[in-house]
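What the coordinates show
Residue strings, one per chain:
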Amino acid sequence: MAYVRGRLRWAATAAALVLSGAGCGTEPTPPEYYPTTEGANTQAGQIKIRNVSIVGPAPTAAAAAGSSAPVYFSLINAGSAEDSLVQVRAEGVARSVSMSQSEVRVPPLALVWVGTGPYTVTLQGLERPLTVGQYVTLQMRFKQAGEVTVRNVPVQMAGVASTLPSPTGFTPSPSPPSPTLPASPSPNLSPSPSPSP
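The structure presented is a predicted model; accordingly, all values stated were derived computationally and were not measured.

So, about the pattern of salt bridges. A complete count under the given rule lists 4 salt bridges for this structure. Residues Arg89 and Glu91 are paired through a salt bridge, measuring 3.1 Å at the closest nitrogen-oxygen approach. Assessed through its relative accessible area of 54%, Glu91 is described here as exposed. Here Glu147 ties to Arg89 by a salt bridge, and the two come within 2.9 Å at their closest N and O atoms. Of this pair, Glu147 sits in strand S12 (residues 146–156) while Arg89 is found in strand S5 (residues 83–89), placing the two residues 58 residues apart along the sequence. According to the relative accessible area criterion, Glu147 is partly exposed, its value standing at 44%. Under the relative-accessibility criterion, Arg89 is labelled partly exposed at 23%. Connected through shared salt-bridge partners, Arg89, Glu91 and Glu147 make up one network.

Extensive coverage of strand S9 (residues 121–126) is indicated by the burial of 5 of its 6 residues. Bridge count between strand S4 (residues 69–77) and S9: 3 bridges; the pairing is antiparallel. Residue pairing for S9: Ala69 is matched across the bridge by Leu123. When strand S6 (residues 94–99) meets S9, the two strands line up antiparallel, connected through 5 bridges. When the sheet's bridge partners are listed, Met99 is paired in S9 with Val121.

The rules behind the values
- Residues numbered from 1 in each chain as written.
- Predicted model: local features only at pLDDT ≥ 70, side-chain atom pairs only at ≥ 80, totals over all residues.
- Heavy atoms only, no water.
- Salt bridge = Lys/Arg side-chain N within 4 Å of Asp/Glu carboxyl O.
- Buried < 20%, exposed > 50% of the residue type's maximum accessible area, 1.4 Å probe, protein only.
- Helix = DSSP H or I, 4+ residues; strand = E, 2+ residues; numbered from the N terminus.
- Pairing = 2+ DSSP bridges.

Printed below as a string of structure tokens:
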């Protein structure tokens, strides 16, 4: 019996060693190719700026100098007065930054998505190639909260854009109407005539 127990213990140890070495000899993916999971966060007055990221190319590619790249983030107004984002700059990163609207209005106690829906911000004319895993600095200016520098903004993979939530305030497309059932005939509640004798 002790012999069998010893053999089983040896087999279990050997299996553990084989499994632990199964991944040995494979080359790890370079760290610059791992997608970042969260963007940069900061605050300007009552405006919280969350998950700022630049959506770049595929992991092994680079957004070429002179091209454009979208910026994604959310704005949360924790105050009781409306504020608006009126300018975004990317000094040393892009020649200009375009906004789809002249300002991004952020009502009090509201969250506004930028990058999906009516508000978009795009870096135009990149001054140098951008690759996934790099970090850049942006400047944002608000009407009330003033200017804030957003540091450590990651360049993320293009697939990140498809995982972003839809903006609030958008009405979903109407669902197809449910089929209507034909009305069943109502039962006859009047007493049936009694048969004549």
